[in-house]
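Chain residues, written in single-letter form:
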Amino acid sequence: MQGIEVLFMGNNMLRLLDGLWVTLRLSLISIALSLVIGVFVGALMLVKNPVVKVMCRVYIEIVRIMPQLVWLFIIFFGITKMTKINLSGETAAVIMLTIWGASEVGDLVRSAFQSIPSHQFESGLSLGLSRPQLYFYVIFPQALRGLVPDIINLSTRMIKTTALVSLIGVTEVLKVGKQIIDANRFEFPNAALWVYAEIFLMYFIICFPLSLLSRKLTKKRGE
Amino acid sequence: MNTFKKIASVFAAAAMALSLAACSSSNGSSAASDSTDDSSAASGSYRTVDQIKESGEITIGVFSDKNPFGYVDNDGTFQGYDVYFADRIAKDLGVELKLVPVEAASRVEFLETAKVDIILANFTVTDERKEKVDFALPYMKVALGVVSPDSAIITDAEQLNGKTLIVVKGTTAESYFTENYPDVKLQKYDEYNEAYSALQDGRGDAFSTDNTEVLAWAMNNPGFTVGVESLGSTDAIAPAVTKGNETLLNWINDEITALADEQFFHADYDATLASVYGDNVDKDSLVVEGGVM
């Protein structure tokens, strides 16, 4: 148990929670923005126009190929170098996460719609449903059911990716942990174990309910 | 329809969480976690001393997890050798101090984009970095140190000939001994903790790496002493400013020269490093006064 007392020294517990809030805040805002923009990207990808299709493909592939850290540096430092616009670390982080998240959501939306067999459209229309009725009652519910588990999965990945933002001076929960370990590294060399255990628990408490929800929704789908 | 309702409620919950986040993100959080907002008016180009004084605040980039140079203590306050100097700079400029936590990998970029006025983050002067930032006079130096067991203490590098020296791969120590002491048998490890275990187990006669590192370790491991405190080429550690920011560079240089009269960096050592390195260390193997190495 040596080193566990570090968690309760000074403001450490409060600082970890504060860091967790930074992590949560960044990821929740980014996830919400990604959903809104991603649905739009996905809709664009379903457009028949080949130019629009290629542009969306290029966007998604570029975002996938480049590591998120590179994006973060381009947005935080690159933009300032080129345009003199000085974004705050948190804004840069949200932009990076949203660019990435929106591309992933877009691709998920596209595949969810494309996976709906064409006879669903045809049967709907032959039943005399109008276009809006067809989409609202037949297509959307089916597409969403396939989409939700994937989106939740993406959300947990986005939450974990926020750990990168300490490189641009934003102190999220993992960075607070490293600071605590380092501040006590001479007196409590074993504190690292406990601090990481606590951070693991915090990530778990956030991500596990999401995983559960995803599992539940996936199960429903198989009924 | 049941599923559809559920999904709708998930989205509603997400929307609520978002509005909650939006509300509270506006009122900011503690100093350590919310340090890169752009209130200090840095806008891509550096600020002169007059501009800094006018704004009433100086932004200095420090490490937040490099005890004892720059770290955050259990109360959430920045501490360390670099921070002690940063406090003094702000005081002598007559402005508020705003510390920004930086990482080793992004120190140069923070200066290039003028997101901080000064970097005081254990920044070693190298030719490559000099092309990108301007270094002021050094306020600290680092060289190699050799730690060995008290029972067979090594006090001179010559004593290592024919013996086994533990080093960590890729460090200055490895290249220095390979070049200058070919008769020393090197035992190489990937990580520091492996190297320290090897030394404790007696797999080698001594261990060498940066003196700042071995001094701190020896202090916390009775039975081991740093017999050689300063070896090889000495690297300077200096404050850095954005390339071309001459007024600030000159101001820092004058400041460092002036502080020599009161032996400021010796006091800094006593306040921040002494407890880590102990009393037996020769302060002058680490501290630089007046920029004179």
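Residues numbered from 1 in each chain as written. Chains lettered and ligands numbered in written order. Predicted model: local features only at pLDDT ≥ 70, side-chain atom pairs only at ≥ 80, totals over all residues. Heavy atoms only, no water.

Points about the overall build of chain B
Consideration 1: Across its full length, chain B carries 10 helices and 13 strands.
Consideration 2: For chain B, the proportion of its 293 residues judged to be buried stands at 53%.
Consideration 3: At a minimum sequence separation of 6, the contacts of chain B that also span at least 24 residues come to 68%. (Helix = DSSP H or I, 4+ residues; strand = E, 2+ residues; numbered from the N terminus. Buried < 20%, exposed > 50% of the residue type's maximum accessible area, 1.4 Å probe, protein only. Contact = heavy atoms within 4.5 Å.)

Focus on the sheet that holds strand 7 (residues 133–135) of chain B
All names here are of chain B.
Consideration 1: Pairing is mixed in the open sheet, where 5 strands are placed in the order 5-1-6-13-7. Edge positions in the sheet fall to strand 5 (96–102) and strand 7, since each has one partner strand and no second.
Consideration 2: For strand 1 (residues 57–63) and strand 5, the ladder comprises 7 bridges, and the chain directions are parallel. Paired with Val62 across the strands is Pro101, a residue of strand 5.
Consideration 3: The sheet strands contacting helix 9 (residues 246–259) are strand 6 (118–119), strand 7 and strand 13 (240–242), and the helix crosses strand 13 at an angle near 165°. (Pairing = 2+ DSSP bridges. Axes fitted to C-alpha atoms, helices over the stretch in contact; angles between N-to-C directions.)

Some remarks on helix 3 (residues 68–83) of chain A
Consideration 1: For helix 3 of chain A, which comprises 16 residues, the first-to-last C-alpha distance of 21 Å matches the rise-based estimate of 22 Å (1.5 Å per residue) to within 8%.
Consideration 2: At Phe77(A), helix 3 of chain A shows its largest kink, close to 35°.
Consideration 3: Within helix 3 of chain A, burial applies to Trp71(A), Leu72(A), Phe73(A), Ile75(A), Phe76(A), Phe77(A), Gly78(A) and Thr80(A).
Consideration 4: Next to the buried residues of helix 3 of chain A lie helix 2 (50–65) and helix 4 (89–114) of chain A together with helix 4 (107–112) of chain B.
Consideration 5: Backbone geometry just downstream of helix 3 of chain A places Lys84(A) in the positive-phi region, at approximately 70°. (Expected span 1.5 Å × (residues − 1). Bend = angle between axes of the 7 residues up to and from the residue.)

Remarks on the environment of Ala260(B)
Consideration 1: Here Ala260(B) is to be found in the loop between helix 9 and helix 10 (264–277).
Consideration 2: Excluding anything up to four places from it in sequence, Ala260(B) contacts Glu289(B) and Gly290(B).

A closer look at the pattern of salt bridges
Oppositely charged side chains can pair when the atoms bearing their charge come close.
All names here are of chain A.
Consideration 1: With the rule as written, the count across this model stands at 20 salt bridges over all chains.
Consideration 2: A salt bridge links Arg25 to Glu90; the nearest nitrogen and oxygen atoms lie 2.6 Å apart. A residue pair is termed long-range when its members are at least 10 positions apart, and Arg25 in helix 1 (residues 12–46) and Glu90 in helix 4 qualify at 65 residues.
Consideration 3: Arg25 gets classed as buried once you look at its relative accessible area, which sits at 3%. (Salt bridge = Lys/Arg side-chain N within 4 Å of Asp/Glu carboxyl O.)

Comments concerning the layout of surface pockets
Consideration 1: Taken as a whole, the largest pocket encloses approximately 1200 Å³ of empty space.
Consideration 2: Contributing to the lining of the largest pocket are 36 residues, with Arg185(A), Lys66(B), Asn67(B), Tyr192(B) and Glu213(B) lying nearest its centre.
Consideration 3: If you list the elements that add at least two residues to the lining of the largest pocket, you get strand 2 (65–66), strand 8 (140–149), helix 7 (192–200), helix 8 (211–220) and strand 12 (224–237) of chain B.
Consideration 4: For the lining of the largest pocket, the residue count by class is 15 nonpolar, 11 polar and 10 charged.
Consideration 5: Two domains each provide a minimum of three residues to the lining of the largest pocket, namely domain 1 (3–140 + 235–285) and domain 2 (144–234) of chain B. (1 Å grid on protein atoms, 1.4 Å probe; cavity = no way out; pocket = protein on both sides within 12 Å on 5 of 7 lines; lining within 4 Å. Points joined across faces, edges and corners; volume = space filled by probe spheres on them. Nonpolar A, V, L, I, M, F, W, Y, C, P; charged D, E, K, R; others polar. Domains from an automatic or database assignment.)

Overview of a nonpolar patch on the surface
Consideration 1: Side chains of Phe200(A), Leu201(A), Phe204(A), Ile205(A), Phe208(A) and Leu212(A) sit close together on the surface and give an oily, nonpolar patch of about 600 Å² of accessible area.
Consideration 2: By the secondary structure assignment, Leu212(A) is in helix 8 (residues 191–222). (Patch = residues over 30% accessible without salt bridge, like charges linked within 9 Å, V, L, I, M, F, W, Y side chains within 5 Å. Areas by Shrake-Rupley, 256 points an atom, 1.4 Å probe, with all protein chains shown as cover.)

Considering the domain arrangement of chain B
Residues and elements named next belong to chain B.
Consideration 1: Partitioning chain B into domains gives domain 1 (3–140 + 235–285) and domain 2 (144–234).
Consideration 2: Domain 1 puts 12 residues into the contact, and the matching count from domain 2 is 9 residues.
Consideration 3: When domain 1 packs against domain 2, close to 800 Å² is buried across both sides, 57% of that on carbon and sulfur atoms.
Consideration 4: On the domain 1 side of the interface with domain 2, the three residues burying the most area are Asp235, Tyr277 and Ser285, jointly 56% of the side's total.
Consideration 5: For the interface between domain 1 and domain 2, the tally reads 0 salt bridges.
Consideration 6: For the side of domain 1 that touches domain 2, the elements supplying multiple residues, two or more each, are strand 12 and helix 10.
Consideration 7: Of all the elements, helix 10 adds the most residues to the side of domain 1 that touches domain 2, at 3 residues. (Buried area = accessible area lost by both parts, 1.4 Å probe.)

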